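Read off the chains here:
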Amino acid sequence: MMQGPMYSTDAYIMPDGEVLCLPLVEVVTGHAVGLPGFYGHSQGTPTDLPEAETKEAVRVSTDAIKALGLRTTVAHVELFRTPDGWKIIEVGARIGGYRQDLYREAYGIDHFYNDLCIRMGKLPKVPVTPVKHAVAINIYAEEEGVITSIEGFREARKLPSILFLKEYAQPGDIALFSDKGGQPIVDGILSNTDIKQLEQDVAEVRRLVKVTVQDYAAALVTQA
């Protein structure tokens with residue numbers, strides 16, 4: 001089976017088993033852009049999928065959730081769009097990463113509040129009309145090794161689409177690729193009503209934020 005583009009949705013499952021899927025999020029993995037690992041290089045919503053494709057993705061996700069018999073929880077569903085139709089990757093009884101921020105920015109959905117609602121048997125509030133475009137990004141070092149510097153972070157935080165941008169490492173820490181258990185060096189959420197401005201700012205963050213590393217042997221020599 002040929003792998004296609006990856007998407008995900010979070011869904012609310014009521015006590016009686018009714019399933020309400022939230023808008024789809026397009027996931028670009030590191031592997032898809034030629035980097036090590038299948039982490040979410042970027043995740044964005046709303047998508048530009050045709051309505052028929054979106055409805056089919058929702059149907060497949062709903063069927064997968066019902067097959068597991070989930071009740072009174074949020075489910076995170078990941079799936080591929082392939083030439084043979086939608087294929088499920090994962091169904092987890094959890095909130096997906098960055099979904100509170102993505103859904104709030106793009107649709108005005110308070111995901112955490114809705115999670116509490118369904119656990120109390122109350123109907124969640126789910127606006128479906130987009131108000132912005134929103135993207136989550138993860139940045140890893142281009143090479144593995146000991147981090148010597150992280151540059152451009154302060155400049156990147158000033159871009160107009162930035163909601164938040166966070167550093168999770170500092171010089172002296174070890175940078176590993178995600179397929180070896182490494183965590184992002186920097187991540188963030190960007191949103192904008194202007195999709196072109198958003199895309200420019202995402203590209204600018206990646207251009208500005210540079211993580212420099214030394215290989216392990218060189219770092220040991222330096223420390224000695």
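Note on numbering: residues in each chain are counted from 1, in written sequence order. Where totals are concerned, whole chains, interfaces and linings use all residues; where local detail is concerned, this predicted model gives features only for residues with pLDDT of at least 70, and gives and counts side-chain atom pairs only at 80 or more. Remark: hydrogens and water are excluded; side-chain values derive from all non-hydrogen atoms of the structure.

1. Observations regarding the overall build of the protein chain
Thought 1: If you tally the helices and strands in the protein chain, you get six helices and twelve strands.
Thought 2: Between the two quantities, the radius of gyration covers C-alpha atoms and the globule rule is 2.2 Å times the number of residues to the power 0.38. Relative to its length of 224 residues, the protein chain is compact, with a C-alpha radius of gyration of 19 Å against a globular reference of 17 Å.
Thought 3: Its C-alpha atoms give the protein chain principal-axis dimensions of roughly 65 × 35 × 35 Å.
Thought 4: Out of the 224 residues in the protein chain, the part that is buried amounts to 47%. Helix and strand assignments come from DSSP, with helices taken as H or I runs of at least 4 residues and strands as E runs of at least 2, each series counted from the N terminus. For each residue, the accessible area found with a 1.4 Å probe, counting protein chains only, is set against the maximum for its type, and the residue is called buried under 20%, exposed over 50%, and partly exposed in between.

2. Describing the pairing of strand β1 (residues 6-13)
Thought 1: In terms of burial, β1 is largely enclosed, as eight of its eight residues are buried.
Thought 2: Going residue by residue along β1, you find M6, S8, D10 and Y12 tucked away on one face and Y7, T9, A11 and I13 tucked away on the opposite face as well.
Thought 3: Sheet analysis places β1 next to strand β3 (residues 25-29), joined by three bridges and oriented antiparallel. Directly across from Y7, in β3, lies its bridge partner E26.
Thought 4: Where β1 meets strand β5 (residues 73-82), eight bridges bridge the pair, whose relative direction is antiparallel. Along β5, the bridge assignment pairs Y7 with L79.
Thought 5: Strands were regarded as paired on the criterion that DSSP finds at least two bridges between them. Across three bridges, β1 lies against strand β2 (residues 19-21) in antiparallel orientation. Across the sheet, A11 pairs through a bridge with C21, a residue of β2.
Thought 6: If you look at the hairpin formed by β1 and β2, you'll find five residues sitting between the two strands, and G17 has a positive phi there, around 95 degrees.

3. A closer look at the side chain of D10
Thought 1: Structurally, the position occupied by D10 is in strand β1.
Thought 2: Positive charges come from Lys and Arg alone, negative charges from Asp and Glu alone, with His and the N- and C-terminal ends not counted. What makes a salt bridge here is a side-chain nitrogen of Lys or Arg within 4 Å of a carboxyl oxygen of Asp or Glu, nothing more. Here D10 is buried and forms no salt bridge, its nearest opposite-charge partner R99 lying at an N-O distance of 4.4 Å.
Thought 3: A 3.5 Å cut-off defines polar contacts: any pair of N or O atoms within that distance qualifies, except that in protein one atom must be a possible hydrogen donor and the other a possible acceptor, and neighbouring residues in sequence count only when both atoms are side-chain atoms. Here the side chain of D10 touches H111 through a polar contact of 2.7 Å, side chain to side chain.
Thought 4: With residues up to four places along the chain from it excluded, the contact list for D10 reads L20, C21, L22, V74, A75, H76, I95, G96, R99, Y103 and H111. Contacts are assigned to residue pairs with any non-hydrogen atoms lying within 4.5 Å of each other.

4. Overview of helix α1 (residues 51-68)
Thought 1: Working rule for helices: expected span equals 1.5 Å times residues minus one. Along its 18 residues, α1 runs 26 Å from first to last C-alpha, staying within 8% of the 26 Å computed at 1.5 Å per residue.
Thought 2: Taken residue by residue, α1 has A57, V60, S61, T62, A64 and I65 as its buried positions.
Thought 3: Among the structural elements, β1, β2, β5 and β6 (85-92) are those in contact with the buried residues of α1.
Thought 4: Two residues or fewer past α1, G69 is found with a positive phi of approximately 70 degrees.

5. Some thoughts on the pattern of salt bridges
Thought 1: Per the stated rule, a full pass over the model turns up eleven salt bridges.
Thought 2: Close ionic contact of E53 with R81 constitutes a salt bridge, the shortest N to O distance being 3.3 Å. Here E53, found in helix α1, pairs with R81, found in strand β5; they are 28 residues apart in sequence, far enough to count as distant.
Thought 3: Residue class for E53 comes out partly exposed when judged on its relative accessible area of 27%.
Thought 4: Residue classification places R81 among the partly exposed positions, given a relative accessible area of 26%.
Thought 5: The residue R94 makes a salt bridge to E90 at a minimum N-O spacing of 3.2 Å.
Thought 6: According to the relative accessible area criterion, R94 is partly exposed, its value standing at 36%.
Thought 7: For E90, a relative accessible area of 26% gives the class partly exposed.
Thought 8: What you see here is one network of salt bridges that share partners, running through D101, R104, E105 and K132.

6. So, the sheet that holds strand β10 (residues 174-175)
Thought 1: Taken together, the three strands give an open sheet; going across it, the order is β10-β8-β12, and neighbouring strands pair in antiparallel fashion. Every other strand in the sheet has two partners, leaving β10 and β12 (210-214) as the edge strands with one partner each.

7. Considerations on unusual backbone geometry
Thought 1: Residue P46 is bonded to the preceding T45 through a cis peptide linkage, with omega at 0 degrees.
Thought 2: By the secondary structure assignment, P46 is in the loop between β4 (40-45) and α1.
Thought 3: With a phi close to 50 degrees, T72 is a non-glycine residue in the positive phi region.
Thought 4: Within the fold, T72 resides in the loop between α1 and β5.

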